[in-house]
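# Residue-level structure breakdown
As a plain string of letters, each chain reads:
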Amino acid sequence: MLSVISGAVLLGFQYALLALGVYISFRILNIPDLTVDGSFTFGIAVSAVLCASGHPFLGLLAAVFAGFAAGAVTGFLQTKAKIHPILAGILTMSGLYTVNITIMGAPNVSLIGKKRFYDRFASLFGENSSGDLPKMILAAIICAVCVVLLIMFFKTVLGLCIRATGGNKDMVRASSINTDTTTVTALAISNALVALSGAVIAQTQGFADVNSGSGMIVIGLASVIIGEVIFGRRSLSVGLVSAVVGSVIYRMIVAFALETNVFSANALKLLSAIIVAVTLSVPAVKNAISDRKMKREGMKNA
């Protein structure tokens, strides 16, 4: 049971970077960005190829820039080509499939026996270097650094403009702020985090697959929604932290569901869809319950 929990927490922190990216596009910018499935695999492909060549840290850095570029392309299609946000994301995601398989040179890349970014840190733990603990600590540190940097960024002028763009684009335009720039920047940062998540997971798991990004948007949304159900929709800082916590809780839910054999491993995507549907319906259920209480009180008072 302990191994199940540690494995779930490890995956939770790794996918938390994905959740942070989805939070930026979905909650801050109010855009359902489907580029995520492609940029996640983009990060995996770039990280795996460079790691296999003996450059694990360069693989993480290059993945961030790759995801940034993918998000910028989607932003360009939305703002300059005037393509619908959902369709723009689908177009970029579809194009990235060819890019990813070209980079990898094959549908799969193995990293067994290759040096990875956490090896030096894991060596500090001696005999436990192959366990989940050093990987978990390092993944948590990466998440914490990203959250702090995002909080600092969204307090800058550009960050505040991005937040305002998501809140009321027309008002931002009336204030002589270039909403095209803020949209492209936000989508680029969002997909950079998503690609970083894929890069970390690829090196941790020791392999890369060109189809790894399928359904990542659902996982990201599940993490964001679960976090909001627990913490509520409050400030930006709380929202970013809740996305990380939601990712960990989501992975624990999935792990326990698979452990109890209620769902098979092949039903993972179905389980993800159910979790998202249930968590998205929570606000509606709360509102319905409160409305019934108000009606009952009104009938009593009458």
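Residues numbered from 1 in each chain as written. Predicted model: local features only at pLDDT ≥ 70, side-chain atom pairs only at ≥ 80, totals over all residues. Heavy atoms only, no water.

## Some remarks on the overall build of the protein chain
Of regular secondary structure, the protein chain possesses 12 helices and two strands. What you see in the protein chain, going N to C, is helices and strands ordered as α-α-α-α-β-α-α-α-α-α-β-α-α-α. Its C-alpha atoms give the protein chain a radius of gyration of 20 Å, near enough to 19 Å, the size a compact globule of 302 residues would have. Expressed as a percentage of its 302 residues, the buried residues of the protein chain come to 47%. Taking the contacts inside the protein chain whose residues are at least 6 apart along the sequence as the reference set, 79% of them involve residues at least 24 apart. Surface accessibility of the protein chain: about 14,500 Å² in total, with carbon and sulfur atoms responsible for 67%. Of the side-chain charges in the protein chain, 22 are positive and 12 negative, and the distance between the mean point of each set is 6 Å. (Helix = DSSP H or I, 4+ residues; strand = E, 2+ residues; numbered from the N terminus. Rg over C-alpha atoms; globule rule 2.2 N^0.38 Å. Buried < 20%, exposed > 50% of the residue type's maximum accessible area, 1.4 Å probe, protein only. Contact = heavy atoms within 4.5 Å. Areas by Shrake-Rupley, 256 points an atom, 1.4 Å probe, with all protein chains shown as cover. Lys, Arg positive; Asp, Glu negative; His and termini not counted. Charge placed at Lys NZ, Arg CZ, Asp CG, Glu CD.)

## As for the state of the cysteines
What the rule picks out here adds up to zero disulfides. With no disulfide partner, Cys 51 has as its closest neighbouring cysteine sulfur the one in Cys 146, 19 Å distant. Since its relative accessible area comes to 0%, Cys 51 is described here as buried. (Disulfide = S-S within 2.5 Å.)

## Observations concerning the nonpolar core
If you look at the biggest cluster of nonpolar residues, it comprises 70 residues, and the most contacted ones within it are Leu 18 and Leu 20. Of all the secondary-structure elements, those providing two or more residues to this core are helix H1 (2-28), helix H2 (36-52), helix H3 (56-79), helix H6 (132-153), helix H9 (179-205), helix H10 (216-231), helix H11 (236-259) and helix H12 (268-301). If you tally residues by element for this core, the top one is H1, at 13 residues. Setting aside chain neighbours within four positions, we find Leu 20 in contact with Cys 146, Val 147, Leu 150, Leu 193, Leu 240, Ala 243 and Val 244. Ranked by size, the runner-up nonpolar core spans five residues in total, among them Phe 42, Val 46, Ala 70 and Leu 96. (Core = buried A, V, L, I, M, F, W, Y, C linked by side-chain atoms within 4.5 Å.)

## Describing H2
Taking 1.5 Å as the rise per residue, H2 with 17 residues should run 24 Å; its terminal C-alpha atoms sit 24 Å apart, in good agreement. The element H2 is extensively covered by neighbouring structure, given that 14 of its 17 residues are classed as buried. Of the residues flanking the end of H2, it is Gly 54, one or two places downstream, whose phi is positive at about 95°. (Expected span 1.5 Å × (residues − 1).)

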